[in-house]
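# A structural walkthrough
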Amino acid sequence: MCSSDLMGNMFGMVGSMLAVLQAQMSGHGQEVDISIQECVTMALENAAQFYDLEQRVRTRFAGSQRQAGTGIFECADGYVYIFAGGMAAIRFWPNLVQWMKDAQIPGVQVMEGAEWSDMSFLNSDKGKDIFAELFSAFARKRTKETLYREGQSRRVPICPVSTPADVAVNKQLQYREFFAQVRHPASGRDITMPGAPFRLSEAPWRVHRPAPQLGEHNAEVYGALGISNAKLNQLRAAGVV
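Summarised in this report is the structure supplied together with it.

Cut-off values and rules
Residues numbered from 1 in each chain as written. Predicted model: local features only at pLDDT ≥ 70, side-chain atom pairs only at ≥ 80, totals over all residues. Heavy atoms only, no water. Phe/Tyr/Trp six-rings, centres within 6.5 Å; stacked < 30°, edge-to-face > 60°. Helix = DSSP H or I, 4+ residues; strand = E, 2+ residues; numbered from the N terminus. Buried < 20%, exposed > 50% of the residue type's maximum accessible area, 1.4 Å probe, protein only. Expected span 1.5 Å × (residues − 1). Contact = heavy atoms within 4.5 Å. Core = buried A, V, L, I, M, F, W, Y, C linked by side-chain atoms within 4.5 Å. 1 Å grid on protein atoms, 1.4 Å probe; cavity = no way out; pocket = protein on both sides within 12 Å on 5 of 7 lines; lining within 4 Å. Points joined across faces, edges and corners; volume = space filled by probe spheres on them. Nonpolar A, V, L, I, M, F, W, Y, C, P; charged D, E, K, R; others polar. Salt bridge = Lys/Arg side-chain N within 4 Å of Asp/Glu carboxyl O.

Attention now goes to the packing of aromatic side chains. Enumeration over the complete set of coordinates arrives at 9 aromatic pairs. On the numbers, 5.2 Å between centres and 20 degrees between planes, the contact of tryptophan 93 with tryptophan 116 is stacked. You can see tryptophan 93 sitting in helix α4 (residues 93–102) and its partner tryptophan 116 sitting in the loop between α4 and α5 (119–122), a full 23 residues away along the chain. Exposure remark for tryptophan 93: the relative accessible area of 5% places this residue in the buried category. Of the residues examined, tryptophan 116 reaches a relative accessible area of 1% and is grouped as buried. Taken together, a centroid distance of 5.7 Å and an interplanar angle of 40 degrees make the contact between tryptophan 93 and phenylalanine 131 tilted. In this pair, tryptophan 93 is assigned in helix α4 and phenylalanine 131 in helix α6 (residues 125–139), connecting sequence segments 38 residues apart. Counting every residue linked through ring pairs, the aromatic cluster contains Phe73, Trp93, Trp99, Trp116, Phe121, Phe131, Phe135 and Phe138.

Right, here's the structure in full:
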């Protein structure tokens, strides 16, 4: 199971728990719609905290070829990830080879040999080097969008490596109204932030207010615990809160 499936499972559980809680209160059930794409987007939310706490920028780590036919490769306007070789993905290999033959990539005929269905060859440096040379020549002449769309039509598992700017204008995320506009008190302007990766049919998610500033809701929170404003002022003066 890949990490995207795990993220979908986790947020699916959260959405289902919310629906169960609502059903216990109202007596009515509802549909829970989970988007794994949105779950993966949410998984990147702690990138800013990594820099804040450790002064390092989070980077991708899955770019190398595990086997020939798998990995991240440069294209005309960025990078794409392909998974057309190794294990069960080998069933897509003939589709990829035919695609590259139709594009008249020189030397692609070497990828039709029986050794390309042998895992030991796919794991070898020789196999990975041959594939990287041929596929790179093919990919560098095409954009992420072209490779993704034509790959889908040819049943080749390939996808764009999205930048933050790509994610912000992703049509699928826009259609699902994934992003929310939230007022940023310090700057006085609206900012775009990710929403929830699950949708409940009878209890739609929405932002009521921005993240609190330090101590903004002290009176509200401590008041709910029975602490008076006078006592809270004493604690504040003592540096406790």
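A few words on helix α1 (residues 3–26). Owing to its 3.6 residues per turn, the α-helix aligns residues three or four sequence positions apart on the same side. In a regular helix each residue adds 1.5 Å, so 24 residues correspond to 34 Å; α1 covers 35 Å between its end C-alpha atoms and thus fits that length. Within α1 the residues assigned to the buried category are Met7, Gly8, Phe11, Gly12, Gly15 and Ala19. On its buried face, α1 sits against β1 (32–34), α2 (36–42) and β7 (198–200). Note on α1: the residue one or two positions beyond its end, glycine 27, has a positive phi of about 80 degrees.

Grouped together as the largest cluster of nonpolar side chains are 25 residues, with contacts concentrated most on Leu96, Met100, Met111, Phe131 and Phe135. Contributing elements (two or more residues each) for this core: β2 (70–75), β3 (78–83), α4, α5 and α6. Not counting residues up to four positions away in its chain, the partners in contact with phenylalanine 131 are Gln65, Ala68, Gly69, Phe73, Trp93, Leu96, Met111, Trp116 and Ser136. By size, the runner-up hydrophobic cluster in this structure holds 10 residues, among which are Met7, Phe11, Met42 and Leu200.

Its volume calculated, the second largest pocket comes out at about 230 Å³. Forming the walls of the second largest pocket are 14 residues, and the residues nearest its centre are Arg176, Glu177, Phe198, Arg199 and Trp205. Elements with a minimum of two residues in the lining of the second largest pocket: β5 (179–184) and β7. Classifying every residue of the lining of the second largest pocket gives 9 nonpolar, no polar and 5 charged.

Applying the stated rule across the entire model yields 9 salt bridges. Residue aspartate 190 is joined to arginine 183 by a salt bridge in which the shortest nitrogen-to-oxygen separation is 3.1 Å. On the basis of relative accessibility, which here comes to 43%, the residue arginine 183 falls in the partly exposed class. A single network of salt bridges, built from pairs that share partners, joins Asp33, Glu38 and Arg176.

To continue, consider the side chain of arginine 176. Tracing the chain through its elements places arginine 176 in the loop between α9 (171–175) and β5. Relative accessible area serves as the criterion here: at 11%, arginine 176 is assigned to the buried category. Discounting residues that sit within four places of it in the chain, arginine 176 has contacts with Asp33, Ile34, Ser35, Glu38 and Arg199.

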